[in-house]
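# A closer look at the structure
In case you want the letters, here they are:
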Amino acid sequence: MALELNRRYLKYFFEPVAESFEEGFWEAVKQKKLVFQRCKECGEFLHPPRPMCHRCHSYDLEWVKSSGKGSIYSWVVFTREVNPLYRVPFEVVLVEMEEKGVRFISNMAEGNPEDLYFGMPVEVVFVDINDEWPLPMFKPVK
Amino acid sequence: MTIKNKACIVGIGSTEFSRASGRSEIHMAVDAAMAACRDAGLKPEEIDGAVKFGTAGQTSTEFTTETDVARCLGIPNLRYFAEAPWGGGACCATILHAALAVSAGMANYVLCFRSLKPASGTVRYGRPANIPIDSHWSYTMPFGFASPTSWVAMFTRRWMYETGATNEQLGWVAIVCRENAAVNPRAIFYGRPITMEDYFNSPMLCDPFRMHDTCLENDGAVALIVTTPERAKDLRQKPAYITSAAMATGWDSYCMTSYYREKIGIPEMEEVGKELWRQSGLTPKDIDVAQFYAAFTSLVPMQMEALGFVGVGEGGPFCQGGDRIRPTGELPINTSGGMLSESYIHGMNMIAEGMRQIRGTSTTQIKDVENVLVTGGLGVPTSALILSQGR
Ligand SMILES: [Zn+2]
């Protein structure tokens, strides 16, 4: 199962847009790397990214490569089509990443909806959507 | 200092609720505003303040500005105008703004309104064409995560896991709301109750939500008029006093996708609750009937927990069997059928129903009502009100 695209409807792909302080995240995605923003001052991870650390108000932020590993925090299964690009059924998962305080919305690139469970270990895998955009998705850790 | 007893709602106006209104949002807003003026016993030109809705960036017609309405009603001048954003989260906030305005002397009579046409208009929530270009959506939309049903389903599943709540318990919320709508001639689902079998047989839209877990999509408008208690004495109707009114964003708030904070449920409503009880000096036990914003069934037991009606993990069991939330139960809910079964007007129809409970004119009237709770939309910054019989 997992996510399957109906590429006839690629025009309905929502191309990520970024504010100035988010560009590092999406540029890394284009290179098939998952990075998260971290405050150099206090170590807080900031995701989605922001212009300043919300804990200590430092502007000294960096992009840190993610381990790509996490666990399922919650999920839904689309069974009724909303956007024709995405063939139903497909899963949207909220992954709690190993990086403390980071959660990430994505899809399952492998596996079946009925096999998902809370705390299930998953790891990132990049899936090409179109010529420009790969997206970080997840697969079960074998 | 609080807002308690400094303002009251004195007029309710509504269009019919339908699947095809045959007229524009502005037209319906004008119809509802005129009905509210007649109900209150006011001339439209006496209105001198207005509060409108905002959503998270859709199309301009949907916004139906206060000037659109003022022009059509022949209002000579609005000396107070404001917008309460965040879709359903705004509903009680419009009244809060109006109460602030009249109690500070910024306006005498403030019109709060919402007009929606999702059933037959061009703006339909959750369709790909309507996605606003705003960078925070980049973390959800590219993954096909593109409907309010799915966004609320995400935090609902986590809440069900943490509390042990079941789909059957959610089914009871749907059933009780349909029972209330079944005796309400205004309701889209007038005369059409459902059974638990109907609930489980309704199509799965986005697991864990079936069709009967989700709200209506219909056309209609509701308008309400707020003034001071002194001015209310000269008007036609018994006023509904504003005992408390609150808004909250909570920590790390996004539009519908606040998945990055410690709790992904509805912490905004916990914040709203603290403020409601502080301002009013009341406790959940003092609430005789609640109009819980329920675009989705789970939001009813989740709000019961967030506002302290029950403990964490007790919301689901409270709804089991339906008796405790029925009109004869400990906490009657959504007596018009609410947004699951009466009409989806971003919560404004639920404020109107709260007023009917104070006036004694509901189709499912609760006995001896002193205090009514009305809440705003969840998953977004939100608001709530307690309406009372007053002094
Ligand atoms: Zn910091």
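See the structure above.
Structural notes, computed from the coordinates. Everything numeric in this text was worked out from a predicted model, so none of it was measured.

So, how was this worked out
Residue numbers here run from 1 along each chain, matching the order of that chain's written sequence. Labels follow written order: the first chain is A, the first ligand is 1, and so on. Only residues with pLDDT of at least 70 are given local features in this predicted model, and only at 80 or more are side-chain atom pairs given and counted; all residues enter the totals for whole chains, interfaces and linings. Based on all heavy atoms of the structure, the side-chain values leave hydrogens and waters out of the count. We call a set of buried Ala, Val, Leu, Ile, Met, Phe, Trp, Tyr and Cys residues a nonpolar core when their side-chain atoms join them within 4.5 Å. Exposed residues in this analysis have more than 50% of their type's maximum accessible area, buried residues have under 20%, and partly exposed residues fall in between, with area computed by a 1.4 Å probe over protein chains only. Helix numbering and strand numbering both begin at the N terminus, where a helix is a DSSP run of H or I of at least 4 residues and a strand a DSSP run of E of at least 2. The contact definition used throughout considers only heavy atoms, calling two residues in contact when any of these lie within 4.5 Å. Aromatic rings from Phe, Tyr and Trp, taking only the six-membered ring of Trp, are treated as a pair when their centres fall within 6.5 Å; an angle between ring planes under 30 degrees marks them as stacked, one over 60 as edge-to-face, and anything in between as tilted. Two parts placed together each lose some accessible area; with a 1.4 Å probe, that loss summed over both constitutes the buried area. Salt bridges are identified by distance alone: a Lys or Arg side-chain nitrogen within 4 Å of an Asp or Glu carboxyl oxygen. The definition of a polar contact used here is a pair of N or O atoms within 3.5 Å, where within protein one atom must be able to donate a hydrogen and the other to accept one, and adjacent residues in sequence count solely through side-chain atom pairs. Note on donors: an N, O or S atom is included if it sits within 2.8 Å of the metal, or within 3.2 Å for Na, K and Ca, and water is never included, so sites can look incomplete. Note on geometry labels: four donors, all angles 85 to 135 degrees, give tetrahedral; four donors become square planar and six octahedral when opposite donors are over 155 degrees apart and every other angle is between 65 and 115; remaining cases are irregular. A pair of strands is labelled paired if DSSP reports no fewer than 2 bridges between them. Axis angles are defined between N-to-C directions and span 0 to 180 degrees, where every axis is a line fitted to C-alpha atoms and, for a helix, only to the segment in contact.

Moving on, we get to the nonpolar core. Residues and elements named next belong to chain B. The biggest cluster of nonpolar side chains holds 157 residues, and the ones touching the most others in it are Leu224, Ile242, Tyr259, Phe292, Met304, Ile351 and Leu387. Among the elements that make up this core, the one with the highest residue count is helix H4 (residues 91-103) (nine residues). Aside from chain neighbours lying at most four places away, what touches Ile351 is Ile9, Cys91, Cys92, Ile95, Leu224, Val374, Leu385 and Leu387.

With that settled, consider the packing of aromatic side chains. One pass over the structure, following the stated rule, counts 21 aromatic pairs over all chains. An angle of 50 degrees between the planes, with centres 5.6 Å apart, marks the rings of Phe25 of chain A and Tyr139 of chain B as tilted. Here Tyr139 of chain B lies in the loop between strand S4 (110-116) and helix H5 (148-163) and Phe25 of chain A lies in helix H1 (residues 23-30), a pairing that spans two chains. Both residues of the pair, Phe25 of chain A and Tyr139 of chain B, belong to the buried class.

With 38 residues of chain B in contact, the opposing surface of chain A contributes 41 residues. Of the roughly 3500 Å² buried between chain B and chain A on both sides combined, carbon and sulfur atoms contribute 65%. Counting the surface chain B buries against chain A, the share from its top three residues, Tyr139, Phe143 and Tyr260 of chain B, is 23%. Across the chain B-chain A interface, the total number found is one salt bridge. Asp252 of chain B is paired through a salt bridge with Arg50 of chain A; the nearest N and O atoms lie 2.9 Å apart. Summed over the shared surface of chain B and chain A, the result is 20 residue pairs in polar contact (both at pLDDT 80 or more). Elements that contribute at least two residues to the side of chain B that touches chain A include exactly H5 and strand S5 (204-207) of chain B.

Turning to the coordination of the zinc ion, a few remarks are in order. All names here are of chain A. Within the protein, the zinc ion binds to Cys39 (SG), Cys42 (SG), Cys53 (SG) and Cys56 (SG); these donor distances fall in the range 2.3 Å. Angles of 101 to 115 degrees at the metal separate the four donor atoms of the zinc ion, which places the site in the tetrahedral class. When the donor residues of the zinc ion are listed from N- to C-terminus, their spacing reads C-x2-C-x10-C-x2-C. Residue Cys42 is found in the loop between strand S1 (35-39) and strand S2 (45-46), and its partner Cys53 is found in the loop between S2 and strand S3 (61-65); the two are separated by 11 residues along the sequence. Residue Cys53 is classed as buried on the basis of its relative accessible area of 0%.

It is worth spelling out the sheet that holds strand S9 (residues 289-291) of chain B at this point. Residue and element names in this part refer to chain B. Spatial strand order, S3-S2-S4-S7-S1-S8-S11-S10-S9: nine strands in an open sheet with mixed pairing. Both outer strands of the open sheet, strand S3 (80-84) and S9, are each paired with one neighbouring strand and no more. Averaged over all neighbouring strand pairs, the angle between strand axes comes to 25 degrees, with direction disregarded. Both strand S10 (residues 371-375) and strand S11 (residues 382-388) contribute to a ladder of five bridges, which runs antiparallel. Across the sheet, residue Val372 finds its bridge partner in S11, namely Leu387. Across the sheet, helix H3 (residues 66-73) lies against strand S2 (49-53), S3 and S4, angled at about 110 degrees from S4, the strand it touches most. Seen against the sheet, helix H13 (residues 348-359) touches strand S1 (8-14), S2, S4, strand S7 (220-227), strand S8 (240-248), S9, S10 and S11 and runs at an angle of roughly 120 degrees to S1.

Function cannot be read off these values alone, since they describe shape.
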